[in-house]
Amino acid sequence: MKRISVILALIFLTQIVTVSASAQSSIAIDQMMIEIWPEYDRADVLVIYRISLDGSITLPAQISLLIPREAGEPYNIAMQDVDGLLYSLPYTTELQSNALKVVFTTPSAGLQIEYYDPRLNRDGDSRQFLFSWVADYDINNLSIAVQQPLTASNMQILPSFGSGETKADGLIYYTANIGKVNAGQKIDIEFNYTKPDDQLSIGLQQVQPSQPLSDSTPGKTNPSDLLPYILGGIGAALLVGAFAWFWLTKIKGGSAVAPRRRHRAPAGHRVEEPGDSISAVYCHQCGRRAAAGDIFCRICGTRLRGE
């Protein structure tokens, strides 16, 4: 009985392994673009996989890819959602003898994998890099593009990628359409170039229009279109200025003149009051007018002097 149980267990495990291997081999890639960007935003080489899984794949699907061991960890594993944006996916890694195995599950057929390869050789102004890659799955259509750093020159690629093409970002790209690739097929690409500095491409790039600007370019504003707004602004400023001038003039013209304060006369001087007469007597000390018959000043008490 024990022997039968062991046999059944072995059969069950064999079926699990067979189903797993079948699921793994059933993964196929419809379109894949490998982009190689040396000295773009780091001193290393940025490698980007842009993948579209075959339409026959049942989602979600588990994907495993090999990247260089020297990369350490992938910079990003992301899927493209229905809104066209990229969203990061969780992943696990397994260190192998000469590579790093990255495993993740995707609910989307659009994928983007990024990592940095530090194996860019430098010898003075000369740069050299070998991209050695083995296909993880069958690929219906593979393309590879190499980006030339902004201050680099004498770009040479083996095998030849032909003449480069300047894209909208101002950088030169060399592209090769490889076509159909079988799982396990190895591709080696070696390139070298001359670069007189350590500047990164992303730090020196200038924003450029994707197409020549013209009067019909959407979003472009012509100076003539702004003329009504400029004239309207000038008219509004003149109206505000005229109103302010009118208001200030009105305030200034209608304001009452403040009454002058009567200054106290120095001691011994007469202060004229309404109704003063020649015979009036004033205090020689404070200048206050005395009433008829007063001998002393009613204010300061000084004895009055006769006129």
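All values derive from a computational prediction rather than experimental measurement.

Criteria and cut-off values
- Residues numbered from 1 in each chain as written.
- Predicted model: local features only at pLDDT ≥ 70, side-chain atom pairs only at ≥ 80, totals over all residues.
- Heavy atoms only, no water.
- Salt bridge = Lys/Arg side-chain N within 4 Å of Asp/Glu carboxyl O.
- Helix = DSSP H or I, 4+ residues; strand = E, 2+ residues; numbered from the N terminus.
- Buried < 20%, exposed > 50% of the residue type's maximum accessible area, 1.4 Å probe, protein only.
- Pairing = 2+ DSSP bridges.
- Axes fitted to C-alpha atoms, helices over the stretch in contact; angles between N-to-C directions.
- Phe/Tyr/Trp six-rings, centres within 6.5 Å; stacked < 30°, edge-to-face > 60°.
- Lys NZ or Arg CZ within 6 Å of the ring centre and 35° of its normal.

Asks: Help me understand the pattern of salt bridges in this model?
Replies: Opposite charge on two side chains permits them to pair, given that their charged atoms come into close proximity. Considering all chains together, one arrives at nine salt bridges under this definition. Between K195 and E39 there is a salt bridge whose closest N-O contact spans 3.8 Å. Here the residue K195 occupies a position in the loop between β15 (186-194) and α2 (201-204), and E39 occupies one in the loop between β1 (28-38) and β2 (45-53), the gap between them amounting to 156 residues. Its relative accessible area of 1% is what places K195 among the buried residues. By relative accessible area, which is 1% here, E39 ends up buried. Among the ionic pairs, D198 bridges to R127, the shortest N-O distance being 3.2 Å. Residue D198 is located in the loop between β15 and α2, and its partner R127 is located in strand β10 (residues 126-134); the two are separated by 71 residues in the primary sequence. You can call R127 buried: its relative accessible area is 3%. Salt bridges here are not isolated pairs; linked through shared partners, they connect E39, R122, R127, K195, D197 and D198.

Asks: Explain the sheet that holds β10 to me, please; I cannot follow it from the model alone.
Replies: Through backbone hydrogen bonds, the strands of a sheet pair up, either in parallel or in antiparallel fashion. The four strands are arranged β9-β10-β15-β12 in an open sheet whose pairing can be described as antiparallel. Both edges of this open sheet fall to β9 (121-123) and β12 (153-158), since each of them pairs with a single strand only. Here the average twist between neighbouring strands, direction ignored, is 15 degrees. Of the pairings in the sheet, the one linking β12 to β15 comprises four bridges and is antiparallel in character. Across the sheet, the residue bridging to L158 is E190, located in β15.

Asks: In this structure, what is going on with the packing of aromatic side chains? I would like to understand it.
Replies: The relative placement of two aromatic rings is captured by the distance of their centres and the angle of their planes. Scanning all chains against the criterion turns up six aromatic pairs. Ring geometry for Y49 versus Y115: centroids 5.8 Å apart, planes at 85 degrees, classification edge-to-face. Within this pair, whereas Y49 is found in strand β2, its partner Y115 is found in strand β8 (residues 110-117), the two being separated by 66 residues in sequence. Look at Y115 and you get buried, because its relative accessible area is 1%. With 6.4 Å between their ring centres and 15 degrees between their planes, F191 and Y193 make a pair best called stacked. Each member of the pair, F191 together with Y193, is buried. Taken together through their ring pairs, the aromatic side chains of W37, Y40 and Y173 make up a single cluster. Between the NZ or CZ atom of R42 and the centre of the ring of Y116, over which it lies, the distance is 3.9 Å.

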